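Given next are the chains, with one letter for each unit.
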Amino acid sequence: MDIRPIGTEEVGAVIELWESAGLEYRPVGRDSVENLKEYFAGNADICLGAFAGDTLVGAAIGSDDGRKGWINRLAVAPRQRRKGIAAALLHKLEEALRARGRKVFAATIYSDNDASINLFRQNGFSCTTRIAYLRKADTDDF
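The structure contained in this document is the topic of the report that follows. (Residues numbered from 1 in each chain as written. Predicted model: local features only at pLDDT ≥ 70, side-chain atom pairs only at ≥ 80, totals over all residues. Heavy atoms only, no water.)

Re the packing of helix H1 (residues 11-21) against helix H2 (residues 33-42)
Reasoning step 1: Viewed as axis vectors pointing N to C, H1 and H2 meet at an angle of 110°, and their least axial separation amounts to 10 Å. The angle between H1 and H2 falls in the class roughly perpendicular. For the element pair H1 and H2, the recorded crossing hand is right-handed. Counting all contacts with H1, which are made through Val11, Val14, Ile15 and Trp18, the residues of H2 involved are Val33, Leu36, Lys37 and Phe40. (Axes fitted to C-alpha atoms, helices over the stretch in contact; angles between N-to-C directions. Helix = DSSP H or I, 4+ residues; strand = E, 2+ residues; numbered from the N terminus. Parallel < 35°, antiparallel > 145°, perpendicular 65-115°, else oblique. Left-handed = near helix turned anticlockwise from the far one by under 90°. Contact = heavy atoms within 4.5 Å.)

A look at the nonpolar core
As a rule of thumb, soluble globular proteins bury nonpolar side chains together.
Reasoning step 1: Among the nonpolar cores identified, the biggest contains 20 residues, and Ile71, Leu74, Leu89, Leu93 and Phe120 are the most heavily contacted of them.
Reasoning step 2: Breaking this core down by element, the ones donating at least two residues are strand S2 (47-52), strand S3 (55-64), strand S4 (69-76), helix H3 (85-99) and helix H4 (114-122).
Reasoning step 3: The dominant element in this core, judged by the number of residues it contributes, is H3, at eight residues.
Reasoning step 4: Sequence-distant contacts of Leu89, that is, excluding residues within four places in its chain, are made with Ile3, Leu48, Gly49, Ala50, Gly58, Ala59, Ala60, Leu74 and Ala75. (Core = buried A, V, L, I, M, F, W, Y, C linked by side-chain atoms within 4.5 Å. Buried < 20%, exposed > 50% of the residue type's maximum accessible area, 1.4 Å probe, protein only.)

Examining the pairing of S4
Reasoning step 1: Counting buried residues in S4 gives six out of eight residues, a clear majority hidden from the surface.
Reasoning step 2: With seven bridges joining them, S3 and S4 adopt antiparallel strand pairing. If you follow Ser63 over to S4, its bridge partner there is Trp70.
Reasoning step 3: Once S3 ends, the chain turns through four residues before running back antiparallel as S4, passing Gly66 with a positive phi of about 95°.
Reasoning step 4: Bridging between S4 and strand S5 (residues 105-106) involves two bridges; their strand directions are parallel. Bridging from a neighbouring strand, Gly69 pairs with Phe105 of S5. (Pairing = 2+ DSSP bridges.)

Thoughts on the pattern of salt bridges
Reasoning step 1: Scanning the entire structure with this criterion turns up eight salt bridges.
Reasoning step 2: The salt bridge partner of Arg26 is Glu24, with a shortest N-O separation of 3.2 Å.
Reasoning step 3: Residue classification places Glu24 among the partly exposed positions, given a relative accessible area of 40%.
Reasoning step 4: Notably, a salt bridge pairs Asp31 with Arg73, separated by 2.9 Å at the nearest N-O pair. (Salt bridge = Lys/Arg side-chain N within 4 Å of Asp/Glu carboxyl O.)

Dropping the structure here:
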């Protein structure tokens, strides 16, 4: 398995991976092909894919708000799970965010996604209930 930046030409494979993994995404708004290509091009160091040969089997998309490094999307193809791919991607993404000077890492995960919560806990993250996530968007597409 090779972990490397995801190229803009691989956006379709990322979307297919998200769909197969049951990951929610918004194809009309923030996750449109155009927006993803632009984001991947400008943030290649924190848009990582795990490849088995030429096949994308996992992806981790990060962001950097200037204070924290965020793990926004972490997905592994269902048939490739339980092989350490998610943990490997998480560690590589943390390394990339550290290279940007980040020392705090965060992720938001749906509270009923036990598998993801357990993965993050097993990799040193702690879960807090002190924070309420509030959201405001002009449209449902973002």
